[in-house]
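Remarks on the overall topology
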Amino acid sequence: MKGERNAQVYQVGPHLFGTSSTIPHWKTEELIPSLKPFLLSLDTYKEKELKIAFSLAIQPESETQEEDHAKYRSLIEFEWESATCRISVIPDTDSYLITILAPNDPKEYTAYFFYGFTKGILFLHATEADAFVLNNILMMIYAFNTACSDTVLMHASVIKKDGKGYLFQGKSGTGKSTHSGLWLKHIPGCELLNDDNPIVHFNRKTGEATVYGSPWSGKTPCYKNDSVPVGAFVRLEQAPMNEIQRESPARAFASLLPSCSNLKEVRELNNGVIETVKYLAAHTPVYFLKCLPDKEAAEVCFEATSCKWLHYKPKGTRYS
């Protein structure tokens, strides 16, 4: 980051990343306010000689040159929030091209990343879509760059209770946010840590998993620079009753992996995520909750996960 113009450094979870720009008076956190709680002073960064996971240079579109993207090998293309993203490989290099067709912008955004996603350049259009594109690029690259550092970006809603973090996972529409809301309403002393994309890090020395808030919390404005040890992971499924059981390590692995952001097409990154999930499944409690969107569901879940019960049924034995 030395010598770069309008540079900022952010710490999200246990990792740092930096942004800079040729745009006069640029401050990334002004375009993306959710980054403000994670801004690290440059003096602290320099004095402690901290290492950043990746850096992103932000430039106006006028500084790029049009080229034929067809010459790059497409790695993956996917859609989210009415946007289309394509990641392509630049031949004979460890570099990548990311293009994004954002909502309400007819022109594609382009970003180039070098040295395995550690250094990048993003060209902005000076339109309302800039914030959407920059925010999602940062989230995506954070997930890629920390994949081999015992860290995963998870799709989950997280409640903080009694110094522990409880992560609710499941397919879109399962009711993760609804279940968090039930804890907040019916379980005293709860606090929402993140509602969509928390960071989870596993410490191999201590065998402990930690969940962190992040600048990415979906539609819920909850951007907390805070962390707690993981109390439990809970996979949710809608059902006509409330029933919870603890998963075996094998089933826990299968339960956790789909919730982790991953670039499966790059073997090293995919293996890094798999390795982290193996540790999490082996060392942290993972539960499967069949539930209704009601008060009893929150109480059943809290009682089982906080006491580490193996099994719970409303009208039967609580242990198995």
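In this report, the structure presented in the accompanying data block is examined. Just so we're clear, the structure is a prediction, and the values are computed from it rather than from any experiment.

Calculation criteria
- Residues numbered from 1 in each chain as written.
- Predicted model: local features only at pLDDT ≥ 70, side-chain atom pairs only at ≥ 80, totals over all residues.
- Heavy atoms only, no water.
- Helix = DSSP H or I, 4+ residues; strand = E, 2+ residues; numbered from the N terminus.
- Rg over C-alpha atoms; globule rule 2.2 N^0.38 Å.
- Buried < 20%, exposed > 50% of the residue type's maximum accessible area, 1.4 Å probe, protein only.
- Lys, Arg positive; Asp, Glu negative; His and termini not counted.
- Charge placed at Lys NZ, Arg CZ, Asp CG, Glu CD.
- Axes fitted to C-alpha atoms, helices over the stretch in contact; angles between N-to-C directions.
- Parallel < 35°, antiparallel > 145°, perpendicular 65-115°, else oblique.
- Left-handed = near helix turned anticlockwise from the far one by under 90°.
- Contact = heavy atoms within 4.5 Å.
- Pairing = 2+ DSSP bridges.
- 1 Å grid on protein atoms, 1.4 Å probe; cavity = no way out; pocket = protein on both sides within 12 Å on 5 of 7 lines; lining within 4 Å.
- Points joined across faces, edges and corners; volume = space filled by probe spheres on them.
- Nonpolar A, V, L, I, M, F, W, Y, C, P; charged D, E, K, R; others polar.
- Expected span 1.5 Å × (residues − 1).
- Arc of directions from axis to C-beta.
- Salt bridge = Lys/Arg side-chain N within 4 Å of Asp/Glu carboxyl O.

**Re the overall build of the protein chain**
When helices and strands are counted, the protein chain shows seven helices and 19 strands. Taken over C-alpha atoms, the radius of gyration comes to 21 Å for the protein chain, in line with the 20 Å a tight globule of 320 residues would show. Residues classed as buried in the protein chain amount to 51% of the 320 residues present. Charged side chains in the protein chain number 34 positive and 37 negative. The centres of these two groups are separated by 8 Å.

**Looking at the packing of helix H5 (residues 249–256) against helix H6 (residues 267–283)**
Close contact between H5 and H6 brings their axes to 9 Å; oriented N to C, the two are set at 135 degrees. Of the possible angle classes, the one that applies to H5 and H6 is oblique. As for the relative orientation of H5 and H6, their crossing is right-handed in sense. For the pair H5 and H6, the contacting residues are Pro249, Ala252, Phe253 and Leu256 in the first and Ile274, Val277, Lys278, Leu280 and Ala281 in the second.

**Considerations on the pairing of strand S2 (residues 15–21)**
As a general feature of sheets, a regular strand has side chains that alternate between the two faces. Of all the seven residues making up S2, seven are buried; the element is thus mostly covered by neighbouring parts of the structure. With burial as the criterion, each face of S2 is covered, one bearing His15, Phe17, Thr19 and Ser21 and the other bearing Leu16, Gly18 and Ser20. Note: strand S1 (residues 8–12) against S2, five bridges, orientation antiparallel. Each residue of the ladder has a partner; that of Val9, found in S2, is Gly18. The hairpin turn running from S1 into S2, its antiparallel successor, is two residues long, and Gly13 in that turn takes a positive phi close to 65 degrees. Pairing of S2 with strand S4 (residues 54–60), which is carried by five bridges, proceeds in the parallel orientation. Residue Gly18 lies in a different strand from S4, and its bridge partner there is Ser55.

**Some points on the layout of surface pockets**
Considered as a void within the structure, the largest pocket measures approximately 1000 Å³ in volume. Contributing to the lining of the largest pocket are 30 residues, with Trp80, Met139, Leu153, Asn197 and Ser261 lying nearest its centre. Those elements giving two or more residues to the lining of the largest pocket turn out to be strand S5 (73–80) and helix H3 (129–146). Looking at the lining of the largest pocket, the element that brings in the most residues is H3, giving six residues. When its residues are assigned to classes, the lining of the largest pocket shows 15 nonpolar, ten polar and five charged.

**Observations concerning the sheet that holds strand S8 (residues 109–114)**
Pairing is mixed in the open sheet, where nine strands are placed in the order S3-S1-S2-S4-S9-S8-S7-S6-S5. Edge positions in the sheet fall to strand S3 (39–40) and S5, since each has one partner strand and no second. Looking at chain direction, strand S6 (residues 83–89) and strand S7 (residues 96–101) are connected through six bridges and run antiparallel. For Val89, the partnering residue across the bridge sits in S7 and is Tyr96. Sitting on the sheet, H3 is in contact with S1, S2, S4, S5, S6, S7, S8 and strand S9 (119–124), with an inclination near 160 degrees to S4.

**Digging into H6**
Compared with an ideal rise of 1.5 Å per residue, which puts 17 residues at 24 Å, H6 spans 24 Å between its outermost C-alpha atoms and is within 8% of the ideal. Looking only at H6, the buried set comprises Leu269, Asn270, Gly272, Val273, Thr276, Val277, Leu280 and Ala281. The buried side chains of H6 occupy one side of the element, clustering within an arc of 165 degrees when seen end-on. Facing away from the buried surface of H6 by more than 90 degrees, the exposed residues are Arg267, Glu268 and Ala282. Along its buried surface, H6 packs onto H3, strand S10 (151–153), strand S14 (199–203), strand S15 (208–212), strand S16 (227–238) and H5.

**Details of the pattern of salt bridges**
Taken as a whole and assessed by the stated rule, the structure comprises ten salt bridges. Measuring nitrogen to oxygen at the nearest pair gives 3.5 Å for the salt bridge that ties Arg86 to Glu77. A salt bridge links Glu299 to Lys295; the nearest nitrogen and oxygen atoms lie 3.9 Å apart. Remark: Lys295 and Glu299 occur in helix H7 (residues 295–307); sequence separation between them is four residues, near one turn of the helix. Beyond isolated ion pairs, a larger network of salt bridges with shared partners links Glu77, Arg86 and Glu108.

**Side note on the packing of helix H4 (residues 176–186) against H7**
Their axes nearest at 9 Å, the elements H4 and H7 cross at an angle of 85 degrees. Classified by the angle their axes make, H4 and H7 are roughly perpendicular. Taken together, the residues of H7 that come into contact with H4 (itself represented by His179, Leu182, Trp183 and His186) are Lys295, Ala297, Ala298, Cys301, Phe302 and Thr305. A class-by-class count of the residues in the contact of H4 with H7 yields six nonpolar, three polar and one charged.

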